[in-house]
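Chain and residue survey
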Amino acid sequence: MLQIKNLRVSIEGKEILKGIDLAVKAGEVHAIMGPNGSGKSTLTRVLAGHPSCEVTEGSVTYEGRNLLELPVEERARAGVFLAFQYPIDIPGVNNSYFLRSALNEVRKARGLEELDAMDFLTILKSGMKIVEMNESFLTRSVNEGFSGGEKKRNEILQMAVLEPKLALLDETDSGLDIDALRVVSNGVNLMRSPDRAMILVTHYQRLLNYITPDHVHVLMGGKIVLSGDKDLALHLEEKGYEWVNPDRAQ
Amino acid sequence: MPDMTELQPYADVYGKLAPLRRREADWLRVMRDDAMRSFLDQGFPTVQDEAWRYTDLRALSGTRFVTDPAASRTAFENEKSLRPELDVDTLFFVNGWFRPQISDQPAGVRVTSLPEAGHSPEFLETMRHFHHFPMDSLQELNVALGMGGVFIEVPDHTKLKRPLYIIHWSDSHGGLCQPKTVLRMGRGARATIIEDFRGAEGKMYFTNSMTETFLDRGAALEHCKLQSEDRAAFHAAVFRAIQTEESALSSISLAFGSRLARHTGDVLFSGPGAKCSLTALSVGEGDQVLDHVTGVDHASPACGSEQLFKNILGGSSRGIYTGRVLVRRDAQKSDAHQTNRNLLLSGMAKADSRPQLEILADDVKCSHGAVIGQLDEDSVFYLRSRGIDEKVARGILATAFAAEILEGIKHDGLKEKVLHRMREKLKRLGEET
């Protein structure tokens with residue numbers, strides 16, 4: 001589904017990603033781990049098309065298309081979804097209006113009819129059940145006055161409604177208490193399916209107690225220095241990132 | 001000293017209206033003569049006048065504007081298409097002249113045409129109050145020429161069932177429209193008044209409107225002005241309110257149309273415990289100049305004034321806010337707040353913000369603030385990352401910026417109407433940038 005080859009990315013002239021290679025197949029869940037400042041968030045942002053990310057080398061192929069050529073909204077319509085580490089507050093934009101506009105754009109791109117208010121509500125309600133959100137969220141402005149946990153749940157709700165093919169979750173576990181972590185992980189687990197791939201970016205192994213990845217990669221100094229299965233995460237938890245051979249991290 | 005040849009067209013119009021003035025009350029005739037003299041002495045304000053620094057009226061001088069009182073009696077076929085599809089009572093002004101024949105006669109309210117009202121003691125008594133306000137030469141011009149106006153009286157303790165919707169329609173090329181509305185709200189009276197200024201496409205006309213309101217003790221007025229004049233037109237309007245004890249006013253100004261518009265909001269607190277909220281939204285495209293000026297005079301204690309002015313500016317448009325608040329020495333326990341927020345959608349657009357507080361009392365709460373910014377690019381990215389087109393995303397965010405102002409419109413149908421006009425406007429703006 002996703003082929004990343006020798007990807008180099010700079011932000012404001014500073015090179016952050018220094019040659020990433022990664023292949024993700026449909027149905028797989030990949031965890032990207034690494035210390036702060038290693039480039040984990042940049043990887044998800046460049047895939048979603050954030051304008052601050054300048055690709056200097058390499059390629060990204062998504063379902064046979066050159067992902068890097070597509071504008072942000074086209075990527076979303078093609079099924080790429082980024083759950084933000086810090087979801088943005090948008091005062092004055094109603095949460096449910098926002099979700100419906102987004103879903104209708106994505107549906108249009110998939111050749112489906114736009115949903116009317118009633119049909120949308122049915123989809124929305126089933127999504128809300130997954131993330132245990134109450135209806136008052138819908139009449140509020142997008143993320144305005146939401147707690148950290150509520151914002152993250154709102155991201156998972158958007159994912160549930162938009163049904164992406166490739167979900168990128170950027171530090172979705174950060175700032176969550178145990179209850180919220182359970183709810184969010186549960187949402188992610190329910191979304192796992194043979195035709196959907198997920199990339200989880202996380203600093204801590206904690207999230208992986210709830211979501212079992214198929215592959216774990218360690219990102220350090222802008223490169224993937226180590227890959228393995230779920231046990232790699234446990235090793236990291238035990239021994240810390242210093243355990244990874246610094247030579248490999250350069 | 002103004003150039004007389006440039007003002008001559010206005011003197012000519014005044015001369016033409018002499019037969020009409022002869023039918024008016026003596027005091028009114030004297031007032032008009034004085035005002036015309038004052039206008040001719042001063043001429044149009046120029047950018048050398050501090051209060052007009054950003055708004056250049058040069059194009060008005062020397063233009064041969066015309067006004068035709070006889071036209072107010074001819075048939076008017078646009079009436080049906082112009083009626084708002086809302087549960088309201090509608091009053092029509094066409095080219096600045098009130099048209100009682102096609103206007104509704106709302107229940108419980110007295111609506112009188114100006115020539116007739118001029119002879120009533122209530123009108124004279126109401127007009128006396130407005131001497132407190134400073135006058136600029138445009139307002140003098142309206143006093144001199146604004147003969148086709150209307151006097152509206154809402155009796156004591158009367159609550160208007162339906163909003164009063166005043167349509168100001170202009171379709172005369174070179175038309176000099178001088179509408180005048182005088183509203184008297186009795187004790188404890190309640191009303192909603194909407195003023196909607198529009199014009200025929202491509203007609204170059206000049207609207208110079210004056211709306212004067214008097215709120216007796218405990219009266220409450222909601223005022224909403226929609227300015228959607230044609231892009232070829234000039235628009236100037238003043239909304240004034242005298243607020244006596246415990247009265248409440250909410251006045252919203254929405255400036256979308258015209259090539260150059262100036263809205264002045266003047267409030268005088270003449271009794272304690274009164275409250276006013278003045279808000280506005282301007283949406284500018286192309287080379288529009290949209291100017292808002294306010295003057296709030298806290299002449300009585302324990303009154304509160306709240307101002308929120310927002311501009312959304314694209315193209316090379318310009319938005320101006322000048323807000324004067326005066327808190328007099330005896331006006332203790334005054335509350336006065338001014339906020340001006342500007343959203344620039346293009347690098348060529350410009351916003352000027354001049355909040356001015358003059359506080360002579362010591363026990364008061366006053367604040368002012370101004371912000372000029374662009375759309376938050378992280379928010380644009382967030383919406384786009386959910387599949388929303390970039391232009392649509394920018395439109396959604398601009399609409400959200402305006403939401404705070406539109407929330408002040410209590411009437412749902414009216415809010416819908418305003419939202420619709422704003423979206424149309426933002427769509428054009430999105431295509432332009």
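Summarised in this report is the structure supplied together with it. (Residues numbered from 1 in each chain as written. Chains lettered and ligands numbered in written order. Predicted model: local features only at pLDDT ≥ 70, side-chain atom pairs only at ≥ 80, totals over all residues. Heavy atoms only, no water.)

1. Concerning the sheet that holds strand E16 (residues 304-313) of chain B
Residues and elements named next belong to chain B.
- Strands sit in the order E2-E1-E5-E8-E10-E12-E14-E16-E18-E20 across an open sheet of 10 strands; the sheet is mixed. Taken across any chain shown, the strands that pair with only one partner, and hence form the sheet edges, are strand E2 (97-98) and strand E20 (364-373).
- Against the sheet, helix H10 (residues 412-432) contacts strand E5 (164-170), strand E8 (190-199), strand E10 (220-228), strand E12 (248-255), strand E14 (275-284) and E16, and its axis sits at roughly 30° relative to E14. (Pairing = 2+ DSSP bridges. Helix = DSSP H or I, 4+ residues; strand = E, 2+ residues; numbered from the N terminus. Contact = heavy atoms within 4.5 Å. Axes fitted to C-alpha atoms, helices over the stretch in contact; angles between N-to-C directions.)

2. Concerning the side chain of glutamine 158 of chain A
- Note on placement: glutamine 158 of chain A falls in helix H6 (residues 148-162).
- Beyond its immediate sequence surroundings of up to four residues, glutamine 158 of chain A is in contact with Phe81, Phe98 and Leu99 of chain A together with Tyr382 and Arg386 of chain B.

3. Quick look at the packing of helix H1 (residues 4-16) of chain B against helix H3 (residues 26-42) of chain B
Residues and elements named next belong to chain B.
- Where H1 contacts H3, the axes come no closer than 10 Å and their chain directions differ by 165°. Taken as axis vectors, H1 and H3 run roughly antiparallel relative to one another. Crossing geometry of H1 relative to H3 is assigned as right-handed. Only Arg32, Asp33, Met36, Phe39 and Leu40 of H3 make contact with H1, whose side of the interface consists of Met4, Leu7, Tyr10, Ala11 and Tyr14. (Parallel < 35°, antiparallel > 145°, perpendicular 65-115°, else oblique. Left-handed = near helix turned anticlockwise from the far one by under 90°.)

4. Quick word on the layout of surface pockets
All names here are of chain B.
- Quantified by volume, the largest pocket comes out at close to 960 Å³.
- Taken together, 37 residues form the lining of the largest pocket, with Gly395, Ile396, Thr399, Arg423 and Leu426 sitting closest to its centre.
- In terms of residue count, H10 provides more of the lining of the largest pocket than any other element does, 11 residues in total.
- The residue inventory of the lining of the largest pocket, partitioned by class, reads 14 nonpolar, 12 polar and 11 charged. (1 Å grid on protein atoms, 1.4 Å probe; cavity = no way out; pocket = protein on both sides within 12 Å on 5 of 7 lines; lining within 4 Å. Points joined across faces, edges and corners; volume = space filled by probe spheres on them. Nonpolar A, V, L, I, M, F, W, Y, C, P; charged D, E, K, R; others polar.)

5. Things to note about the interface of chain B and chain A
- On the chain A side, the residues contacting the 17 residues of chain B number 32 residues.
- A buried area of about 1,900 Å², summed over both sides, lies between chain B and chain A, and 67% of it is on carbon and sulfur atoms.
- Per-residue buried area on chain B facing chain A is highest for Phe381, Tyr382 and Arg386 of chain B; these three make up 42% of the total on that side.
- Seen at the junction of chain B and chain A, the total is 2 salt bridges.
- Between glutamate 155 of chain A and arginine 386 of chain B there is a salt bridge; the shortest N-O distance is 2.7 Å.
- Along the contact surface separating chain B from chain A lie 9 residue pairs in polar contact (both at pLDDT 80 or more). (Buried area = accessible area lost by both parts, 1.4 Å probe. Salt bridge = Lys/Arg side-chain N within 4 Å of Asp/Glu carboxyl O. Polar contact = N/O pair within 3.5 Å; in protein donor to acceptor, adjacent residues only side chain to side chain.)

6. Some points on the state of the cysteines
- Counted under the stated rule, the structure contains 0 disulfides over all chains.
- With no disulfide partner, cysteine 224 of chain B has as its closest neighbouring cysteine sulfur the one in cysteine 276 of chain B, 16 Å distant. (Disulfide = S-S within 2.5 Å.)

7. Let's talk about helix H4 (residues 117-130) of chain A
Residues and elements named next belong to chain A.
- Under the 1.5 Å per step criterion, the end-to-end length of H4 is 20 Å for 14 residues, consistent within 8% with the ideal 20 Å.
- Every buried residue belonging to H4 is among Phe120, Leu124, Gly127 and Met128, and all of these are buried. Buried residues along H4 cover an arc of 100° about the axis, so they all sit on one side. Exposed residues lying more than 90 degrees from the buried face of H4 are Met118, Thr122 and Lys129.
- Contacts made by the buried residues of H4 are with helix H3 (95-109), helix H5 (136-139) and H6.
- A positive backbone phi angle near 50° is found at glutamate 132, which sits one or two residues after H4. (Expected span 1.5 Å × (residues − 1). Buried < 20%, exposed > 50% of the residue type's maximum accessible area, 1.4 Å probe, protein only. Arc of directions from axis to C-beta.)

8. Observations concerning the packing of aromatic side chains
Residues and elements named next belong to chain B.
- Enumeration over the complete set of coordinates arrives at 14 aromatic pairs over all chains.
- Taking the centre distance of 5.3 Å and the plane angle of 80° together, the rings of phenylalanine 39 and phenylalanine 44 count as edge-to-face. There is no split in this pair, since phenylalanine 39 and phenylalanine 44 are both buried.
- By the ring-pair criterion, three or more aromatic residues cluster together here, those being Tyr10, Phe39, Phe44, Phe65 and Phe206.
- Geometry around tryptophan 52 places arginine 262 over its ring, the cationic atom sitting 3.6 Å from the centre.
- Note that lysine 310 overlies the ring of phenylalanine 401, its terminal NZ or CZ placed 4.5 Å from the centroid. (Phe/Tyr/Trp six-rings, centres within 6.5 Å; stacked < 30°, edge-to-face > 60°. Lys NZ or Arg CZ within 6 Å of the ring centre and 35° of its normal.)

9. Some thoughts on the sheet that holds strand E11 (residues 215-220) of chain A
All names here are of chain A.
- One open sheet holds the 6 strands; their spatial order is E6-E9-E10-E3-E11-E12, and the pairing between them is mixed. Each having just a single partner strand, strand E6 (80-83) and strand E12 (223-228) make up the two edges of the open sheet. Sheet twist, expressed as the average angle between the axes of neighbouring strands with direction ignored, equals 20°.
- For strand E3 (residues 29-33) and E11, the ladder comprises 4 bridges, and the chain directions are parallel. Bridge pairing links histidine 30 to histidine 215 in E11.
- On the sheet, H6 packs against E6, strand E9 (166-170) and strand E10 (197-202) and is oriented at approximately 165° with respect to E6.

10. Re the packing of helix H9 (residues 390-406) of chain B against H10 of chain B
Residues and elements named next belong to chain B.
- Packing of H9 against H10 leaves a shortest axis separation of 10 Å and a crossing angle of 140°. Relative to H10, H9 is oriented so that their crossing is right-handed. Contacts from Lys391, Gly395, Ala398, Thr399, Ala402 and Leu406 in H9 reach Lys415, Val418, Leu419, Met422, Arg423, Leu426, Gly430 and Glu431 in H10.
- Class assignment for the residues of the contact of H9 with H10 results in 7 nonpolar, 3 polar and 4 charged.

11. Some details on the pairing of E5 of chain B
- A large share of E5 of chain B lies buried, amounting to 7 of its 7 residues.
- The alternating pattern of E5 of chain B places Leu164, Ile166, His168 and Ser170 of chain B and Tyr165, Ile167 and Trp169 of chain B on opposite faces, both of which are buried.

12. Re the pattern of salt bridges
All names here are of chain A.
- As enumerated under the stated definition, the model contains 41 salt bridges over all chains in all.
- Among the ionic pairs, lysine 151 bridges to aspartate 89, the shortest N-O distance being 3.1 Å. With a gap of 62 residues between them, lysine 151 in helix H6 and aspartate 89 in the loop between E6 and strand E7 (90-94) connect regions that are remote in the sequence.
- On the accessibility criterion, lysine 151 (18% relative accessible area) is buried.
- On the accessibility criterion, aspartate 89 (34% relative accessible area) is partly exposed.
- Aspartate 214 is the salt-bridge partner of arginine 192, the closest N and O atoms lying 3.6 Å from each other. Here aspartate 214 lies in the loop between E10 and E11 and arginine 192 lies in the loop between helix H7 (178-191) and E10, a separation of 22 residues in the sequence.
- Residue aspartate 214 is classed as partly exposed on the basis of its relative accessible area, which comes to 33%.

As far as function goes, none of this settles anything; it's purely spatial.
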